[in-house]
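Residue-level structural notes
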Amino acid sequence: MATYRVAEAAEILGVSDDTLRRWIEAGRVEASVADGRTVVDGADLAVLAESLADSRDPDPGRAAAVSARNRLTGIVVRVKKDTVMAQVDLICGPYRIVSLMSAEAADELGLAPGVRAVASVKSTNVVVERP
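Right, let's walk through the structure included here.

What about the pattern of salt bridges?
Should their charged atoms come close, side chains of opposite charge can pair. Applying the stated criterion to the full structure yields 7 salt bridges. With a closest N to O distance of 2.7 Å, Glu-50 and Arg-78 form a salt bridge. Placement of Glu-50 in helix α3 (residues 42-55) and of Arg-78 in strand β4 (residues 70-81) is noted, with a sequence separation of 28 residues between them. Among the ionic pairs, Arg-96 bridges to Asp-89, the shortest N-O distance being 2.8 Å. One connected set of salt bridges, linked through shared partners, spans Glu-50, Arg-78, Asp-89 and Arg-96.

Take a look at the structure:
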């Protein structure tokens with residue numbers, strides 16, 4: 001399972017390192033120490049990201065100021081697959097992104113809850129890649 005250093009996890013969530021450290025101290029998300037660094041388990045980070053996305057009120061005026069070509073770094077929170085297709089849900093800062101792709105592509109990318117991914121958005125097409 002993937003783990004993330006505090007700075008990486010904070011970037012994924014769209015918060016400062018200090019904010020994430022306060023959340024860790026308050027017990028909002030669990031952390032451990034690996035190789036002398038504080039890390040957060042990817043699955044725990046996905047749960048926190050999803051709860052943050054549910055509670056945020058994104059700025060409705062921002063969409064008009066953003067181009068159609070965006071790359072949003074985030075964390076996979078859910079993958080639903082059948083034999084042909086996969087639905088991949090990501091939380092990218094305050095945004096929830098959903099991509100439909102072949103199940104084979106999702107498997108090749110190793111997409112699972114807690115994995116860091118990048119959503120490239122152009123019009124109605126969302127492309128997911130691993131950084």
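Thoughts on the packing of aromatic side chains
Throughout the structure, instances matching the rule amount to 0 aromatic pairs. The cationic tip of Arg-28 hangs over the ring face of Trp-23; the distance from NZ or CZ to the ring centre is 4.4 Å.

A few points about the pairing of strand β5 (residues 85-92)
Within β5, 6 of the 8 residues are buried, leaving the element largely enclosed by the surrounding structure. Alignment of β4 against β5, held across 6 bridges, turns out to be antiparallel. Paired with Arg-78 across the bridge in β5 is Asp-89. Once β4 ends, the chain turns through 3 residues before running back antiparallel as β5. Pairing of β5 with strand β6 (residues 95-102), which is carried by 8 bridges, proceeds in the antiparallel orientation. In the strand pairing of β6, Ala-86 is matched with Met-101.

Structural notes on the nonpolar core
Of all hydrophobic cores here, the largest spans 21 residues; its most connected members are Leu-13, Leu-20, Trp-23, Leu-45, Leu-48 and Ile-75. The element that contributes the greatest number of residues to this core is α3, accounting for 6 residues. Counting 14 residues, the second-largest nonpolar core is a separate cluster that includes Val-76, Ala-86, Val-126 and Val-128.

Observations regarding the environment of Val-33
Mapped onto the elements of the fold, Val-33 is located in strand β2 (residues 32-34). For the pair formed by Val-33 and Arg-5, sequence separation is 28 residues and the distance between their alpha carbons is 9.4 Å.

Considering the side chain of Arg-116
Along the polypeptide, Arg-116 turns up in strand β7 (residues 116-122). Among the polar contacts made by the side chain of Arg-116, one reaches the side chain of Glu-11 at a distance of 3.3 Å. If we ignore the near neighbours within four places in the chain, the residues touching Arg-116 are Tyr-4, Glu-8, Glu-11, Ile-12, Thr-73, Gly-74, Ile-75, Arg-130 and Pro-131.

So, the environment of Val-115
Here Val-115 shows up in the loop between α4 (103-109) and β7. Overall, the relative accessible area of 10% leaves Val-115 in the buried class. Taking the C-alpha atoms as reference points, Val-115 and Ile-75, 40 residues apart in sequence, are found 5.6 Å from one another. Those residues in contact with Val-115 that lie beyond four places of it in its chain are Tyr-4, Gly-74, Ile-75, Val-76, Gly-110 and Arg-130.

Things to note about the sheet that holds β2
Read from one edge of the open sheet, 3 strands run β1-β3-β2, paired in antiparallel fashion. Both outer strands of the open sheet, β1 (3-5) and β2, are each paired with one neighbouring strand and no more. If you compare each strand with its neighbour and ignore which way they point, the axes differ by 50 degrees on average. As paired strands, β1 and strand β3 (residues 37-41) are joined by 3 bridges and run antiparallel to one another. Across the sheet, residue Tyr-4 finds its bridge partner in β3, namely Val-40. Against the sheet, helix α1 (residues 6-13) engages β1 and β3, with an angle of about 100 degrees to β1.

Basis of the calculations
- Note that residues are indexed from 1 along each chain, following the sequence as it is written.
- Given that this is a predicted model, residues contribute local features only at a pLDDT of at least 70 and side-chain atom pairs are listed and counted only at 80 or more, while totals for whole chains, interfaces and linings are drawn from all residues.
- Computation of side-chain values covers all heavy atoms of the structure but excludes hydrogens and water.
- Any carboxyl oxygen of Asp or Glu that lies within 4 Å of a side-chain nitrogen of Lys or Arg is treated as forming a salt bridge with it.
- Numbering of helices and strands runs from the N terminus, with a helix taken as a DSSP run of H or I at least four residues long and a strand as a DSSP run of E at least two residues long.
- Two aromatic rings from Phe, Tyr or Trp, using only the six-membered ring of Trp, form a pair when their centres are within 6.5 Å; if the ring planes differ by under 30 degrees the pair is stacked, by over 60 it is edge-to-face, and anything between is tilted.
- Look at NZ for Lys and CZ for Arg. If either is within 6 Å of the ring centre and within 35 degrees of the ring normal, a charge sits over the ring.
- Throughout this description, buried means an accessible area under 20% of the type-specific maximum (1.4 Å probe, protein chains only), exposed means over 50%, and partly exposed covers the range between.
- Any two strands are treated as partners once DSSP identifies two or more bridges connecting them.
- Only buried residues count toward a nonpolar core. Its members are Ala, Val, Leu, Ile, Met, Phe, Trp, Tyr and Cys residues joined through side-chain atoms within 4.5 Å.
- Think of a polar contact as two N or O atoms within 3.5 Å of one another; within protein, one of them needs to be a possible hydrogen donor and the other a possible acceptor, and neighboring residues in sequence only count if both atoms come from side chains.
- By definition, residues are in contact when any of their heavy atoms lie within 4.5 Å.
- Axis geometry follows a simple rule: fit a line to the C-alpha atoms, using only the stretch in contact for helices, then measure angles between N-to-C directions, giving values from 0 to 180 degrees.

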